[in-house]
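Observations on the three-dimensional arrangement
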Amino acid sequence: MKFYILTFKLFIIRLTMNTLNRCNIVLPKILCERFYNLVTELSDMIFADFTCMNYGYDNGNDIEIIEEFKNERYPAQLYNYVATFGNRLNISNLDLLEVGSGRGGGLSYLTQSYKPKSSTGLELSPKAVAFCKTRHKAVNACFLQGNSQSIPFPDESFDIVINIESSHCYQHIQLFLNEVKRVLRKDGYFCIADFRDSHKLEDFFSELNSSGLKIVHKENITQNVLKALTLSSNDKEEFYKTINIPNIYRKTLSDFAGTIGSRKYNDFKSGIRQYYYFVLQKQKI
Ligand SMILES: C[S@@+](CC[C@H](N)C(=O)[O-])C[C@H]1O[C@@H](n2cnc3c(N)ncnc32)[C@H](O)[C@@H]1O
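Right, let's walk through the structure included here.

How each quantity is defined
- Residues numbered from 1 in each chain as written.
- Predicted model: local features only at pLDDT ≥ 70, side-chain atom pairs only at ≥ 80, totals over all residues.
- Axes fitted to C-alpha atoms, helices over the stretch in contact; angles between N-to-C directions.
- Helix = DSSP H or I, 4+ residues; strand = E, 2+ residues; numbered from the N terminus.
- Parallel < 35°, antiparallel > 145°, perpendicular 65-115°, else oblique.
- Contact = placed C-beta atoms within 7 Å.
- Nonpolar A, V, L, I, M, F, W, Y, C, P; charged D, E, K, R; others polar.
- Expected span 1.5 Å × (residues − 1).
- Bend = angle between axes of the 7 residues up to and from the residue.
- Buried ≥ 20, exposed ≤ 12 C-beta atoms within 10 Å, placed from the backbone.
- Core = buried A, V, L, I, M, F, W, Y, C linked by C-beta atoms within 7 Å.
- Near = placed C-beta within 6 Å.

Quick look at the packing of helix α2 (residues 29–46) against helix α5 (residues 126–135) now. Here α2 crosses α5 at 40°, and the two axes come no closer than 7 Å. Considering the angle they form, α2 stands oblique to α5. Across the interface between the two elements, Y36, N37, T40, E41 and D44 from α2 touch P126, K127, A128 and F131 from α5. Considering only residue class, the contact of α2 with α5 consists of four nonpolar, two polar and three charged.

The structure is reproduced here in structure tokens:
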């Protein structure tokens, strides 16, 4: 029975990914929510131990990673680099909001490693939020369901907002940026990392440029992401071999995870798709 349910879920995920690749579109919010509900269900069935959903980051500096995240070193390294601005930003004692917190691993990692004053994760998929509430219940972080385009907090509630590999899903990124500016305190930071197809990069840059926040750092981290994908590829492929699914869906998993030779991996390698990291700051008016 589990075999058929898995196969069916993978079929829908494969269909969605192929359609997105072919038509180059962003899913409407309701479909995006359903897609990530499905990803969460699938993850619960086969990747129950995995709590991060990003491609990862490696810059050759081996940082100390707490035991719980040893198997998710590269995704945790992405969180570490992005939220601490490569150790230039001390997030202890800050009120931290993550928008698009997924399965909560990144926020849990940051909370345990740096002990912010408060940690809040806002996520569109109700199933992912339900997972977080159980999986990370011992962590001093709060997870809630909501939409990046209407953040359910009063003005000036946070010192830092982070957003990792989520903004490419948003239909109206300008509305999201307005919300980030609203909920940030003066001098607060917005740290965002995400990929775009190369022909959409200029749009991404001008959206951030016109956000009303000051860009204090801009970095192309595609090579660091590619290195993380390369280093983690073998372990992922070995793991996929142990799952009882038709072979064609192993390829779907490889593509979703970006293992060596997959379409996503090759797109990063050739530059068709690039991964950027920005730090923006809310200025005093
Ligand atoms: C690729 S996952 C990344 C999750 C997490 N940041 C990580 O790195 O593990 C993208 C996440 O963004 C969430 N998302 C997409 N659209 C959203 C929206 N409009 N508001 C909030 N979250 C959204 C998805 O449900 C998904 O969990």
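Further remarks concern helix α8 (residues 222–241). Over its 20 residues, α8 extends 28 Å from the first C-alpha to the last, a length consistent with the 28 Å expected when each residue adds 1.5 Å. A bend of about 45° at S233 is the largest found in α8. Turning to α8, its buried residues number three or more, namely N224, V225, L226, A228, L229 and S232. Tucked inside the fold, the buried residues of α8 contact α3 (73–84), α10 (263–270) and β7 (273–281).

With 62 residues, the main nonpolar core has V82, I160, V161, F190, C191 and V225 as its most contacted residues. Leave out the neighbours within four places in its chain, and C191 touches V82, A83, F85, I160, I162 and V279.

With that settled, consider the site of the ligand. As a matter of local geometry, the ligand sits amid 25 residues, with Y36, N54, G100, G102 and S166 nearest to it. Breaking the shell around the ligand down by element, the ones donating at least two residues are α2, α4 (105–114) and β2 (118–123). Of all the elements, α2 adds the most residues to the shell around the ligand, at three residues. Taken together, the residues of the shell around the ligand break down into 11 nonpolar, 11 polar and three charged.

Burial in helix α9 (residues 247–257) covers these residues: T252, L253, S254 and A257. Taken together, the buried residues of α9 touch α1 (2–23) and α8. Looking one or two places after α9, you find G258, whose phi comes out positive at around 75°.

What follows is about unusual backbone geometry. Although it is not a glycine, N87 sits at a positive phi angle of roughly 70°. Structurally, N87 is set in the loop between α3 and β1 (95–99). Owing to 10 C-beta atoms within 10 Å, N87 belongs among the exposed residues under this scheme.

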